[in-house]
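Notes for the structure review
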Amino acid sequence: MYFKFTFCPIILLLWASLSFAQNVNVVIHGAASIAKTDDNFVCVTLDWWPAEKCDYNQCPWGKAGILNLDLRYGALINAIKAFNPLRIKVGGSLQDNVVYKVGEVSSCPNFMKREDGLFGFSQGCLSMERWDQLNRFFNHTGVKLTFGLNALFGRNESQTEKGLWIGDWQPQNTRDFMQYTISKGYKVDSYEFGNQLSGSGMGAKVDAKQYGKDVIVLKNLVKELYAHPETQPKVLGPGGFYEEKWFNTFLEVSGQGIVDGLTHHIYNLGPGDDPNMMNKILDPSYLNQVSQTYKGVSDVVNKFRPQLGAWVSESGGALNGGSKDVSRTFADGFWYLDQMGMASTYDQKVFCRQALIGGNYGLLNATTFVPNPDYYGALLWHRLMGSTVLAVTKESDPDLRVYAHCAKKKPGVSLIFINLSKDRSFNITLSNAKPGDAGKPNYEFVGKQNREEYHLRALTGDIKDDIVCLNDVPMVQTDSEDIPAMDPKLVDALTPISIVAQSIAYVTIRDFEAPACV
């Protein structure tokens, strides 16, 4: 049974009264969308790391890896079911060191520490018994699955260039794995080819031309085995850090119609042991820097036009398991939710958080399965923010971050406000931009229906807390391990939207007229 906190409202009211309030007008450009996301934009990963994975003198993975995660826990099941559905990508650093025990593969070794191995581990194995268990779990919880494939199978490391893997990819083990998956009727939404092999790579890399040729082999294999186009999984790649020349070269070689979705990774907070982590998260100019990566990927997509656009297929903020002092706290939401907002404005279709569970950056605690604050922020995004992205403009205060989408459930618009300031609140009024004439003044929006507001704040006002309050109610699982109710606060439309210092708020306005949302 969880201890039920009751003093969050007192702290919030005290904090709001002590902070300086600044008036801000936010203009929503609702005439046309600026981008579109997938309906299941929010995505999480499950990783292969064993318990022996350690960084910075700590080993935070425990039994949260794909091969040893206990799938029977009610808290885990309920956390996934709450999304209805949740997109999950199975993959990670060790996926290119995993063989599938099917067909000609008879031995099934466990990952073992090995100094000269990929990322310090020997080869591991996915047995079909474990694959069966995972698919029963995915089916029961309604998961929309992306599976990361081993793209190094059959290659050898170069003797002349460290980290470069050479030779053609050998698809037989993947063929046998897919045939088994099809025979069992398991649903796979997409396959991602390799993990962080692009550009300079992470632990291993593959030449862009070679990768382009091999992804054609994979696409043809998928088309051969999945005969019906409507059930054919999509092919994603390369699932690594963006480097312009490498991405352009591989897409030129593979050609159009091969890669359905262009995937890349974001870890813009740097190493997880950086003592300056909190300052980075609260610095709007630092948060803005990654926009150049989103723009670069967007430019490549506009050039080659893969069907599914661009995906952020892995992003944990801080590298190597995340930050033990920051990633599981309320403060991490300033980075995480701002990244999702920014990514959506650059037409990124999916944003996968590393990880659902495991490391320091898991949305769930790796031992208790209790949701961390970012879980609730992600769930609200999934429920409230629709796929149509709208432009917003405001007076230039960088501490206030604002993103707007059409509401997921029509009618109306949904906004997320992120206040990075330590000592200022914002009283926000809204305007509706006049379409087609930048010279005319905007319409001041005067609503008639109550707004639906969801205010998120750290329990005690300290952003290092690992418990979040929603509308003054601490978010803790129920005694039956269910996700608590997340109801909006109904607010008079004639009052300004009030965003207290160092807080986050989602706001849905049902009677805001945005032609793009009709």
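Residues numbered from 1 in each chain as written. Predicted model: local features only at pLDDT ≥ 70, side-chain atom pairs only at ≥ 80, totals over all residues. Heavy atoms only, no water.

The name given to the protein chain in an unreviewed UniProt entry is Glucuronidase 1, and the organism recorded there is Hibiscus trionum. Annotation of the protein chain in UniProt includes, under Sequence similarities (unreviewed entry), the sentence "Belongs to the glycosyl hydrolase 79 family." (UniProt positions renumbered as here; feature names shortened; annotations may be inferred.)

1. With respect to the state of the cysteines
Counted under the stated rule, the structure contains 4 disulfides. One disulfide bridge connects C54 with C59, the sulfur atoms lying 1.9 Å from each other. Torsion about the S-S bond of the C54 and C59 cystine: about 95°, corresponding to right-handed handedness. Residue class for C54 comes out partly exposed when judged on its relative accessible area of 33%. By relative accessible area, C59 is classed as partly exposed at 45%. The residue that forms a disulfide with C406 is C517, at a sulfur-sulfur distance of 2.0 Å. The chirality of the disulfide connecting C406 with C517 is left-handed, given an S-S dihedral of about -85°. One end of the pair, C406, is in strand 19 (residues 400–407); the other, C517, is in the segment after strand 28 (503–509), and 111 residues separate them in sequence. Of the two residues, C406 and C517, both sit in the buried class. (Disulfide = S-S within 2.5 Å. Buried < 20%, exposed > 50% of the residue type's maximum accessible area, 1.4 Å probe, protein only. Helix = DSSP H or I, 4+ residues; strand = E, 2+ residues; numbered from the N terminus.)

2. A short note on the pattern of salt bridges
Within this structure, the stated rule accounts for 24 salt bridges. For the salt bridge of K144 with D189, the shortest nitrogen-to-oxygen distance reads 3.8 Å. Taken together, the residues span a long stretch of sequence, with K144 in strand 8 (residues 144–149) and D189 in the loop between helix 4 (172–183) and strand 11 (190–193) at a distance of 45 residues. Overall, the relative accessible area of 29% leaves K144 in the partly exposed class. A salt bridge links D214 to R155, with the nearest nitrogen and oxygen atoms 2.6 Å apart. Of this pair, D214 sits in helix 5 (residues 208–225) while R155 sits in the loop between strand 8 and strand 9 (156–157); the two residues are 59 residues apart in sequence, bridging distant segments of the chain. According to the relative accessible area criterion, D214 is buried, its value standing at 2%. (Salt bridge = Lys/Arg side-chain N within 4 Å of Asp/Glu carboxyl O.)

3. Quick notes on the side chain of N248
Residue position: N248 is located in helix 6 (residues 244–254). A relative accessible area of 12% means that N248 is categorised as buried. Polar contacts involving the side chain of N248 include one to the main-chain carbonyl oxygen of E244, which spans 2.8 Å. Sequence-distant contacts of N248, that is, excluding residues within four places in its chain, are made with V300, K303 and F304. (Polar contact = N/O pair within 3.5 Å; in protein donor to acceptor, adjacent residues only side chain to side chain. Contact = heavy atoms within 4.5 Å.)

4. Focus on the packing of aromatic side chains
Scanning all chains against the criterion turns up 30 aromatic pairs. Judged by centre distance (6.4 Å) and plane angle (75°), the ring pair of F247 and F250 falls under edge-to-face. Of this pair, F247 and F250 both sit in helix 6, 3 residues apart, which is roughly one turn of the helix. In this pair, the class of F247 matches that of F250, namely buried. Ring pairing ties together the aromatic residues W169, F193, Y211, Y242, W246, F247 and F250, which thus form one cluster. Taking the ring centre of W49 as reference, the NZ or CZ of K53 above it sits at 4.2 Å. If you follow R353 out to its NZ or CZ, it ends over the ring of Y336, 4.6 Å from the centre. (Phe/Tyr/Trp six-rings, centres within 6.5 Å; stacked < 30°, edge-to-face > 60°. Lys NZ or Arg CZ within 6 Å of the ring centre and 35° of its normal.)

5. Considerations on the sheet that holds strand 8
A barrel is described by the order of its strands in space; here 8 strands give the closed sequence 3-4-8-11-12-13-15-17, paired in parallel fashion. Neighbouring strand axes in the sheet, compared pairwise and without regard to direction, differ in orientation by 25° on average. Across 4 bridges, strand 12 (residues 234–240) lies against strand 13 (residues 261–266) in parallel orientation. Bridge assignment links L236 to a residue of strand 13, and that residue is G261. Most of the contacts of helix 9 (residues 291–304) go to strand 13, to which it runs at about 170°, and overall it touches strand 13, strand 15 (310–315) and strand 17 (348–353). (Pairing = 2+ DSSP bridges. Axes fitted to C-alpha atoms, helices over the stretch in contact; angles between N-to-C directions.)

6. Brief notes about the packing of helix 4 against helix 5
How two helices pack is summed up by the angle between their axes together with the distance between the axes. Orientation of helix 4 relative to helix 5, taken along the N-to-C sense of each, is 30°, at an axis distance of 11 Å. As summarised for this structure, helix 4 and helix 5 are arranged roughly parallel, according to the angle between their axes. When you trace helix 4 past helix 5, the crossing you get is right-handed. Here helix 4 contributes T174, R175, M178, Q179 and I182 to the contact with helix 5, which in turn contributes L218, L221, V222, E224 and L225. Across the contact of helix 4 with helix 5, the residue classes break down as 6 nonpolar, 2 polar and 2 charged. (Parallel < 35°, antiparallel > 145°, perpendicular 65-115°, else oblique. Left-handed = near helix turned anticlockwise from the far one by under 90°. Nonpolar A, V, L, I, M, F, W, Y, C, P; charged D, E, K, R; others polar.)

7. Considering the packing of helix 3 (residues 128–141) against helix 4
Between helix 3 and helix 4, the shortest axis-to-axis distance is 12 Å and the interhelical angle comes to 45°. Between helix 3 and helix 4, the angle is such that the two are oblique. The handedness of the crossing between helix 3 and helix 4 is right-handed. When helix 3 is examined against helix 4, the residues M128, W131 and D132 are found in contact with a partner set consisting of F177, Y180 and T181. Partitioning the contact of helix 3 with helix 4 into residue classes produces 4 nonpolar, 1 polar and 1 charged.

8. Overview of the pairing of strand 21 (residues 424–432)
Taking burial as the measure, the 9 residues of strand 21 include 7 buried ones, the bulk of the element. Bridge count for strand 1 (residues 20–29) against strand 21 is 9 bridges, and the pairing is parallel. Residue pairing for strand 21: V26 is matched across the bridge by L430. One ladder, built from 3 bridges, connects strand 21 with strand 27 (residues 497–499); its direction is antiparallel. Counterpart to F426 in the pairing with strand 27 is I499. Bridge analysis of strand 21 against strand 22 (residues 443–444) gives 2 bridges, and the strand direction is antiparallel. Residue pairing across strands places S431 opposite E444, the latter belonging to strand 22.

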